[in-house]
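So you can see what is in the structure, the chains are spelled out below.
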Amino acid sequence: MEDALPAGLLELCALVGASREQAREASQGFQKKVRSLPPLEPEVLSVFVPPFTSKDESQSTTTNCNNFNKSKRRSFRKKKDRPKAENVKGLNADHRVPDTEDISVPKDIDLVGLPELCFPGGLYISSESKEDHIHFLVFTDVCGNRTYGVVAQYYQPIQDGCIPANGQAHWESVQTGKTFACFVPFAVCVISRYPYFNALKDCLSCLLVHLRPFKDLDAEDHIKEFAAKLFLIPSPPPGPLHLIFNMKPLQIIIPSREDPDSPIIDLDLHLPLLRLKPKQVLQVMTCILTEQRIVFFSSDWALLTLVAECFMLYLHPLQWQHTFVPILSHQMLDFVMAPTSFLMGCHVDHFEEVSKEAEDLILININNGDITSSELSERETEIPDVPLEAAEIFIKRVESLQLHYDLELCHLASGINLSELQMRRRAWQQKLNTEIQQITLQLIFNIFREVKDHLNYEHRVFNSEEFLKTRAPGDQPFYKKVLETYMFHSFLKARLNRRMDAFARLELSTETEEDRLNLMLDSPRRPTMEKITSKRFNPHYMISRRMVISMPNLQDIKSQDNPIKNSLLRRAETERARKFSPKSVSMFRIPEVHFPLVSQCVHSYYTDFINHLSRTISNLPPDNSALLARYFYLRGLISLTEGKLLNALSDFQNLYKTDIRIFPTDLVRKMIETLPPSERSQADRKPELKRLISQVMEKQREMTKVDDHVKNFELPKTHMQLDDFVKRIQESGIVKDIETIHRLFDALTVGHQKQIDPETFRDFYNYWKETEAEVQEVNLPPAVIEYLDKNECVYKLSCSVKTNYGVGKIAMTQKRLFLLTEGGRPGYVEISTFRDIEEVKSTTVAFLVLRIPTLRIKTVSKKDTFDANLKTECDLWHLMVKEMWAGKKMSDDHKDPHYIHQALTNVLLMDAVVGALQSSKTIYAASKLAYFDKMKNEVPMMIPKTTSETLKHKINPSVGETFPQAVNVLLYTPGHLDPAEKPGDTFPKLWCALNEGKVVVFDASTWSIQQHCFKVGSSKLTCMVMVEQSQVWIGSQDSIIYIINTHSMSCNKQLNDHRSDVMDIVVEQRNSIPSQAYSCSLDGTVIAWNISTLKVNDIFQLPCQNLTSIKLHNDWLWCCARSCILAVSTNGFQQEMKIEQNPKDMCSPFLCFQLFLERGEVWTSCFGSSDLCIWNTTNLSSKPQKIHLLDCSEITCMIKVKNQLWIGSRGLSQGKIKGKIYVVDVERKKVEKELVGHADTVKALCSAENRYILSGSGKEEGKIAIWKVE
């Protein structure tokens, strides 16, 4: 329990200086005017650690939770003999601590190495008092955990070998006129778990006011009160809440981290930019990214730590994983001999010594900006340049920063209030810090944003070789070094784990329409016409060869003709997007701490703290959930510290409904494990706490180790059977679809045993990659590009051939064939679009005594055929053109662009098979991949006219998955088509719930993927509803309702009050405003929710089980269970009506229903039945009217739109499951249309503004069809 409690500001406070004996001897030597006095040996004079109340008092309190974080750790510092305990003064009593180790100093803090770090330049006696000095420390343990120290040095006078106390020496000096002979330095060191550099510096500055000589109080009393106060100050949770407290004469602000994955930033991020030029900053960042052995030098000890910490923050979300010691005292200089990567700091006086003693060091002089290597290095360490384009953007943006505060003050009136001046300076610094964070994050993003194109998420493979090939030659030295580092390896793990950190959020926010289209279908890498055009205007293109992942566009969707932003436009857009002002934050003032610090005062302080938080919570509007969550967290933390465990659990439970991201799972689990039996029984009597305890403990049992390995792609070295071949091809990134890979396996094993040798795989892989690279270099002239769509890509070029249209090369895109004519000026001659092809033949023509293989294409729009003397390429082109023709026909017939992309993949695989095998059977082998051509010839699939006219489009939410996934739920949410109306929520969205809690979101204006597969839980999702413009609620079989923020597309809230599968959610509107939501679960529970507060308004248990769906009409809630359909009033949940099956009819249980109460009807369906039953609500005893649906095994879902009822079903055709949709006229009670839309059961239906119906199918197909409503 104590280990899990979050630490307060203070972990330990120490007073360090020379012992009285040393001070007396040094003073005597100073008075004798000894010229060169040796430095004194600093010691820990006193230690101030919690708890700060006496043992007797602390035993009388209800809990001992004040002892924060006593986990064992080791420091990196050199080990010496521990100081004797008598040198350490404890504050739990006024007497000295006995000579034992029984002292409450945290065991992970090593006091032995602390003195020399408090005086890294040595402890020297002085003839005059010097200005107070502050510097900063960072301690790193063997696990990489860091602890932070802030040290304040101050001077006290020595007279007659004694350090004056209690003002006595000051009185004597005034009376006698004596002056002090010398001054000795002391240091106060505050150690904290958190890097609050500025806050702790301000605190120590306030303390030093009271520690100056000639004051009337003992220094140690001040330090004790100071340490006790800091110990009582909690660290704020992540989010928009900072804490503020009074440390006379300053107001101290404790900033929170922006989110749980972000670092705490409490220092001035522009410090390195004041000392180093932007190019030098990039050089330092390169040294860190390539994990060199780095040593910083400065004449200012404080700068060493601050500058080093700034560079660590510049790299976020990448993290330095090696030794980090920003300050080395003179005694520690041998640390730089370490053979592994490190980042250390030394005083500039030691520059020559370090340079001569160690090899292969990067030496960075902060004073003058020099970056050199150590003299012992055999050759000068080469620091590769940051990729050119990223570097130029970074330099340009840094140069535009306003780094000098004085320039901001020129036009402002002079401030006369210290607090006002402090806040003004802080606001300026916060704004500048935000800008620098955005610039450095953009730099990291620009360097690594194309890494994802070479990742295989399923098999956790990174193809480093192919990634390097796509880098510009000048950038490759940089990437070759970075790719070998532990830091980059950790970055890959985060990408493969789909961690939503700052990098991922920037990636998501800067996605263009083209990027989202790339997610739609797996396509080979080819540059679009727009990419080719943009290259001509890109100055970097002349020195770079970059591959760009592109995919064929959806040709038949009108909205796809909108301009798609290229990478250059994306950069401009992101630069605009980055210029945000800092996010607004709130301040919470911590109550005053009263002294003397006895348990009663501490209890009073915590009571005031809780009361203040409670008042703030009650005054906050319910929709400000972000702030509410932070206040609940703080109140729970203080209640836990006070020992009020049930109160703490209740506050932490509130985080589920406000912001679950900051829920302290480990802390709550340990609280539960240590609950006394009496309090555990009290918790079990409260349903919400019982549920919380159950969830937390179940989650602990279900926790499995995350698979975080990363594999580098390598070509196989042994023979492969089918399963191994599938895995290897998927790892290579060539194709993911298993059925396609099976056909490829058959093609590559024609005439051989059913296994593939490493040589054949290597030849195939290399030919594929070589062809990919060759097409990248296709540089079509503008006169040709203007004939092509901007999203077309050239996928295949023939050799130069003679045709009846002239001599040239045949080019194939995803849309057409054209001839790239040769001669003085290359030209464009269209052969045909695939849609217009009427016939394709492979024939021969006579030339002298030879018969030359010729490809003949007949088109609908031209009388003359196209003949090309393709010679040895003829058979391959014949196969490829027929496959594309068949794929295009399938795509048009089914309104499914996925087919043309599958055909395109098949064609390119044919080409690679022919290129790799080089045998007499290559064409026969390639024909194994002609999937659509065979379907066209063997099983002509005629689409019924009604289906063809009603079906508008198909989309595939399972793209990128190995297998199709069932579409379990669909939800359409309206948007604002004009971006100027409501930025951030501009487009309508289609939400698709797949297996295992996966949700895919489409932009419904273009049907492109907006959010690819985020997860809410791991169970099947059962229902989705838009509760208000900013919230989508998703019900799950794990009994949780997940609340999605539609702006951030993240799940920060959960409702956990159900005990069984959540089956349905409906929203009650009052005056067109959502007022209340109703949810039901399988066990018959119905809960009414207050939408704004997320509190339970009412809860009702229906007298039936297996509740599957609910519908709201006026003030009645209609509930469908398997045994009956109930109508209950929303006011009191009184049963008003009940529909039951007649037991004599032997009917199946109810499955789904629709209300037509204006007609006095309820339409129902039953399990395993193809009949639609219509019940008359005025006479429930009468038998229902039935409509029999032909060719239907079961009605699975239904939705009403206008005067129609659309019904999804499961049927059988030739022994295979198929999905059929029936459109029934409600007035005539007649089936108007039968739509054959899916190759599997129709699982979900939803309406889009009553103009379209969207249907989702089962896992055999896993697609969504879009139907026009008439």
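Structure's up top.
The rules behind each value
Throughout this document, residue positions are counted from 1 along each chain, in the order its sequence is written. Since the coordinates come from a predicted model, pLDDT governs what is reported: local features require at least 70, and pairs of side-chain atoms require 80 or more to be given and counted, while whole-chain, interface and lining totals use all residues. As a rule here, side-chain values cover all heavy atoms of the structure and leave hydrogens and water aside. Lines fitted to C-alpha atoms define the axes, with helix axes restricted to the stretch in contact, and inter-axis angles between N-to-C directions lie between 0 and 180 degrees. Numbering of helices and strands runs from the N terminus; a helix is a DSSP stretch of H or I covering at least four residues, while a strand is a stretch of E covering at least two. Angular relationships are summarised with four words: roughly parallel below 35 degrees, roughly antiparallel beyond 145, roughly perpendicular across 65 to 115, and oblique for the angles in between. Crossing handedness is read from the near helix: turned anticlockwise from the far helix by less than a right angle, it gives a left-handed crossing, and turned clockwise, a right-handed one. Residue contacts are defined here by distance: any two heavy atoms, one from each residue, within 4.5 Å place the two residues in contact. Two strands pair if DSSP finds at least two bridges between them. Note on classification: 1.4 Å probe, protein chains only; a residue is buried when its accessible area is under 20% of the maximum for its type, exposed when over 50%, partly exposed between these limits. Under the rule applied, a polar contact is a pair of N or O atoms within 3.5 Å (in protein, one hydrogen donor and one hydrogen acceptor; residues adjacent in sequence only if both atoms are side-chain atoms). Buried Ala, Val, Leu, Ile, Met, Phe, Trp, Tyr and Cys residues form a nonpolar core when they are joined through side-chain atoms within 4.5 Å. Pairing of aromatic rings covers Phe, Tyr and Trp, the last counted by its six-membered ring, and requires centre-to-centre distances within 6.5 Å; plane angles under 30 degrees mean stacked, over 60 mean edge-to-face, and any other angle means tilted. Placement of a positive charge over a ring is assigned whenever Lys NZ or Arg CZ falls within 6 Å of the ring centre and within 35 degrees of the normal to the ring plane. Multiplying 1.5 Å by the helix residue count minus one yields the expected span of that helix. Grouping into patches uses exposed residues only, defined as over 30% relative accessible area, and leaves out salt-bridged ones; the cut-off is 9 Å for like charges and 5 Å for nonpolar side chains (Val, Leu, Ile, Met, Phe, Trp, Tyr). Reported accessibility uses the Shrake-Rupley method at a 1.4 Å probe radius. Residues are deemed covered only where the shown protein chains occlude them. When a carboxyl oxygen of Asp or Glu lies within 4 Å of a side-chain nitrogen of Lys or Arg, that pair is called a salt bridge. Each residue gets one label: Ala, Val, Leu, Ile, Met, Phe, Trp, Tyr, Cys and Pro are nonpolar, Asp, Glu, Lys and Arg are charged, and the others, such as Gly, are polar.

Re the packing of helix H28 (residues 738–748) against helix H32 (residues 898–917)
Where H28 contacts H32, the two axes come as close as 11 Å, and the packing angle between them is 25°. With respect to H32, the axis of H28 lies roughly parallel. You can see that H28 and H32 cross each other, and the crossing is right-handed. Here H28 contributes Thr740, Arg743, Leu744, Ala747 and Leu748 to the contact with H32, which in turn contributes Asn906, Leu909, Val913 and Leu917.

A look at the environment of tryptophan 1118
In this structure, tryptophan 1118 sits in strand S38 (residues 1116–1121). Sequence separation between tryptophan 1118 and methionine 1137 is 19 residues; the distance between their C-alpha atoms is 8.9 Å.

Points about the sheet that holds strand S13 (residues 455–456)
Read across the sheet, three strands follow the order S13-S14-S16 without closing on themselves; strand pairing throughout is mixed. Among the strands making up the open sheet, the edge pair consists of S13 and strand S16 (711–712). For strand S14 (residues 461–462) and S16, the ladder comprises two bridges, and the chain directions are parallel. Following the sheet pairing, valine 461 is matched in S16 by lysine 711.

A look at the sheet that holds strand S34 (residues 1073–1081)
Taken in spatial order, the four strands make up an open sheet running S33-S34-S35-S36, and their pairing is antiparallel. In this open sheet, the two strands that pair with only one neighbour each are strand S33 (1062–1070) and strand S36 (1096–1101). Strand-to-strand twist across the sheet, computed as the mean angle between neighbouring axes with direction ignored, equals 20°. The pairing of S33 with S34 spans eight bridges and is antiparallel.

Quick look at the side chain of serine 1079
Among the structural elements, serine 1079 can be located in strand S34. A relative accessible area of 0% means that serine 1079 is categorised as buried. Polar side-chain contacts of serine 1079 include one of 2.8 Å to the side chain of tryptophan 1089. Those residues in contact with serine 1079 that sit more than four places away from it in its chain are Ile1041, His1058, Asp1064, Ile1065, Thr1085, Val1086, Ile1087, Trp1089 and Ile1110.

Some points on the nonpolar core
Judged by nonpolar contacts, the single largest core of 205 residues is most densely connected at Leu230, Phe245, Ile288, Phe296, Phe311 and Phe448. The greatest single-element share of this core, amounting to 12 residues, is contributed by helix H9 (residues 301–314). Beyond its immediate chain neighbours, meaning those up to four positions away, phenylalanine 311 contacts Pro272, Leu276, Val281, Val284, Met285, Ile288 and Phe296. Ranked by size, the runner-up nonpolar core spans 64 residues in total, among them Phe725, Ile734, Val801 and Leu929.

Examining the packing of aromatic side chains
Tallying each qualifying case throughout the model produces 36 aromatic pairs. A centroid spacing of 5.1 Å and a plane angle of 85° characterise the contact between phenylalanine 491 and phenylalanine 503, whose relative ring orientation is edge-to-face. Placement of phenylalanine 491 in helix H16 (residues 486–496) and of phenylalanine 503 in helix H17 (residues 502–509) is noted, with a sequence separation of 12 residues between them. As far as burial versus exposure is concerned, phenylalanine 491 and phenylalanine 503 are alike and both buried. Through successive ring pairs, a cluster of aromatic residues spans Phe445, Phe448, Phe462, Phe467, Phe478, Tyr479, Phe488, Phe491 and Phe503. The cationic tip of arginine 425 hangs over the ring face of tyrosine 405; the distance from NZ or CZ to the ring centre is 5.1 Å. The ring of tyrosine 479 has arginine 471 lying over it, and the distance from NZ or CZ to the ring centre is 5.7 Å.

Remarks on helix H11 (residues 388–399)
Under the 1.5 Å per step criterion, the end-to-end length of H11 is 16 Å for 12 residues, consistent within 8% with the ideal 16 Å. Three or more residues of H11 are buried, namely Glu389, Ala390, Ala391, Ile393, Phe394, Ile395, Arg397 and Val398.

Topic: a nonpolar patch on the surface
On the surface, Met423, Val585 and Met587 cluster together into a nonpolar patch covering about 210 Å² of accessible area. With respect to the secondary-structure elements, valine 585 resides in the loop between helix H20 (567–578) and strand S15 (586–589).

As for the packing of helix H21 (residues 599–619) against helix H22 (residues 625–642)
Two elements in contact, H21 and H22, have axes whose closest approach is 10 Å; the angle formed by their N-to-C orientations is 155°. As judged from the angle between their axes, H21 and H22 are roughly antiparallel. In the packing of H21 onto H22, the handedness of the crossing is left-handed. Only Leu628, Tyr631, Phe632, Leu634, Arg635, Ile638, Ser639, Thr641 and Glu642 of H22 make contact with H21, whose side of the interface consists of His603, Tyr606, Thr607, Phe609, Ile610, Leu613, Ser614, Thr616 and Ile617. Its residues assigned to classes, the contact of H21 with H22 comprises 10 nonpolar, six polar and two charged.

Here we look at H16
Among the 11 residues that make up H16, eight are buried, leaving the element largely enclosed by the rest of the structure. Met487, Phe488, Phe491, Leu492, Lys493, Ala494, Arg495 and Leu496 are the residues of H16 that are buried. Arginine 498 sits one or two residues past H16 and shows a positive phi near 55°.

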